Amino acid sequence: RGYIGCRYTPTSETMLASIQQVTREDAQVLHWPLKDQNVDGAEFVRAHNFYTLYMVSWMGFACGIRAVTTPLVRPQDVHTKTGICHFRDKDDRFGYKARLLWVPPALLAQIQHYDTHVSEICRVLHFPNAMRRIAGFFLDGRGRPELIRPASIYRITREFFPGPANAYRRVMRQASRRSS
């Protein structure tokens, strides 16, 4: 229910309900200070994971990325004047299948905020320097970093939203099919 064809593409009503859910979650978990010593560990993990999932989804809708490897970019990887970056979503370290992406200005601003958030988490939780070099991560139940991969995206998505984790790709595919 709430999905049509193309391997269960969300309907417009389902997408609207998800956007409303994001708005409610955003109001609840994204506006507390990281330095607040009264926030319990589970709430902290939930807030960070929601923010990370939010960023993964925004990247998906804006850029059409796939979540085969980490589906985020760091601000320093984006050319500030053009918004173009080199992205490897389905590739190895050699970049043979890499592609260029255009990152919209509003998304780049959010990526910069998220990068500051990740840097602060790494500092506060004393994560190794290697974690500061990746674009983002989830936190497991014990507050340890977990790389953003399809399995972790699917698991975290179920905590916040009904429906498929890669709904953005399905919606974008259907929209492009309708327009052609």
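Refer to the structure printed above.
Predicted, not measured: the structure shown is a model, and the values here were computed from it.

Thresholds, definitions, all that
- Residues numbered from 1 in each chain as written.
- Predicted model: local features only at pLDDT ≥ 70, side-chain atom pairs only at ≥ 80, totals over all residues.
- Heavy atoms only, no water.
- Phe/Tyr/Trp six-rings, centres within 6.5 Å; stacked < 30°, edge-to-face > 60°.
- Helix = DSSP H or I, 4+ residues; strand = E, 2+ residues; numbered from the N terminus.
- Patch = residues over 30% accessible without salt bridge, like charges linked within 9 Å, V, L, I, M, F, W, Y side chains within 5 Å.
- Areas by Shrake-Rupley, 256 points an atom, 1.4 Å probe, with all protein chains shown as cover.
- Salt bridge = Lys/Arg side-chain N within 4 Å of Asp/Glu carboxyl O.
- Buried < 20%, exposed > 50% of the residue type's maximum accessible area, 1.4 Å probe, protein only.
- Axes fitted to C-alpha atoms, helices over the stretch in contact; angles between N-to-C directions.
- Parallel < 35°, antiparallel > 145°, perpendicular 65-115°, else oblique.
- Left-handed = near helix turned anticlockwise from the far one by under 90°.
- Contact = heavy atoms within 4.5 Å.
- Core = buried A, V, L, I, M, F, W, Y, C linked by side-chain atoms within 4.5 Å.
- Polar contact = N/O pair within 3.5 Å; in protein donor to acceptor, adjacent residues only side chain to side chain.

### Description of the packing of aromatic side chains
So, step 1. Taken as a whole, this structure holds 5 aromatic pairs when the rule is applied.
So, step 2. Considering the side-chain rings of Tyr-51 and Tyr-114, the 5.1 Å spacing of their centres and the 85 degrees angle between planes classify their relative orientation as edge-to-face. With Tyr-51 in helix 2 (residues 41-63) and Tyr-114 in helix 3 (residues 105-124), this residue pair connects regions lying 63 residues apart in the sequence.
So, step 3. These aromatic residues form a ring-pair network of at least three members: Phe-50, Tyr-51, Tyr-54, Trp-58 and Tyr-114.

### Some words on a nonpolar patch on the surface
So, step 1. Taken together, Ile-84, Leu-100 and Trp-102 make up a surface patch of nonpolar side chains, about 330 Å² in accessible area.
So, step 2. Inspection of the secondary structure assignment puts Leu-100 in strand 4 (residues 99-102).

### Examining unusual backbone geometry
So, step 1. Positive phi values are uncommon outside glycine, yet His-126 reaches one of about 55 degrees.
So, step 2. Checked against the element boundaries, His-126 lands in the loop between helix 3 and helix 4 (129-132).

### Points about the environment of Lys-81
So, step 1. Within the secondary structure, Lys-81 is located in the loop between helix 2 and strand 3 (84-87).
So, step 2. Among the residues examined, Lys-81 registers a relative accessible area of 78% and is labelled exposed.
So, step 3. On a C-alpha basis, the gap between Lys-81 and Pro-105 in space is 9.6 Å, while along the polypeptide they are 24 residues apart.

### Looking at the packing of helix 2 against helix 3
Helix packing for two helices is described by the angle between their axes and how far apart those axes are.
So, step 1. At a minimum axis distance of 11 Å, the contact between helix 2 and helix 3 shows a crossing angle of 150 degrees. Looking at the two axes, helix 2 sits roughly antiparallel to helix 3. In this structure, helix 2 meets helix 3 at a crossing whose hand is left-handed. In this structure, helix 2 contributes Phe-44, His-48, Tyr-51, Thr-52, Tyr-54, Met-55, Trp-58, Met-59, Ala-62 and Cys-63 to the contact, and helix 3 contributes Ala-106, Leu-107, Gln-110, Ile-111, His-113, Tyr-114, His-117, Val-118 and Ile-121.

### Quick look at the pattern of salt bridges
So, step 1. Enumeration over the complete set of coordinates arrives at 4 salt bridges.
So, step 2. Salt-bridge contacts for Glu-120 lead to Arg-123; the nearest nitrogen and oxygen are separated by 2.6 Å. In this pair, Glu-120 and Arg-123 are both assigned in helix 3, 3 residues apart and thus about one turn of the helix distant.
So, step 3. Residue classification places Arg-123 among the partly exposed residues on the basis of a relative accessible area of 43%.
So, step 4. Across the salt bridge formed by Arg-144 and Asp-140, the nearest N and O atoms sit 3.0 Å from each other.
So, step 5. What makes Asp-140 buried here is its relative accessible area of 17%.

### Comments concerning the nonpolar core
So, step 1. Counting 35 residues, the largest nonpolar core has Met-59, Leu-72, Val-103 and Phe-137 as its most contacted members.
So, step 2. Elements with a contribution of two residues or more to this core: helix 2, strand 3, helix 3, strand 5 (138-139) and helix 5 (150-160).
So, step 3. Here this core takes 9 residues from helix 2, the largest share from any one element.
So, step 4. Discounting chain neighbours no more than four positions away, the residues touching Leu-72 are Met-55, Val-56, Met-59, Phe-87, Tyr-114, Ala-135, Gly-136 and Ile-148.

### Examining the side chain of Gln-110
So, step 1. Residue position: Gln-110 is located in helix 3.
So, step 2. You can call Gln-110 buried: its relative accessible area is 16%.
So, step 3. Here Tyr-51 takes part through its side chain, which lies 2.7 Å from a polar atom of the side chain of Gln-110.
So, step 4. Once residues lying within four places of it in the same chain are set aside, the contact partners of Gln-110 are Tyr-51, Tyr-54, Met-55 and Trp-58.

### Quick notes on the environment of Phe-50
So, step 1. As for its placement among the helices and strands, Phe-50 is situated in helix 2.
So, step 2. Residue class for Phe-50 comes out buried when judged on its relative accessible area of 0%.
So, step 3. Separated by 110 residues in the primary sequence, Phe-50 and Phe-160 have C-alpha atoms spaced 7.5 Å apart.

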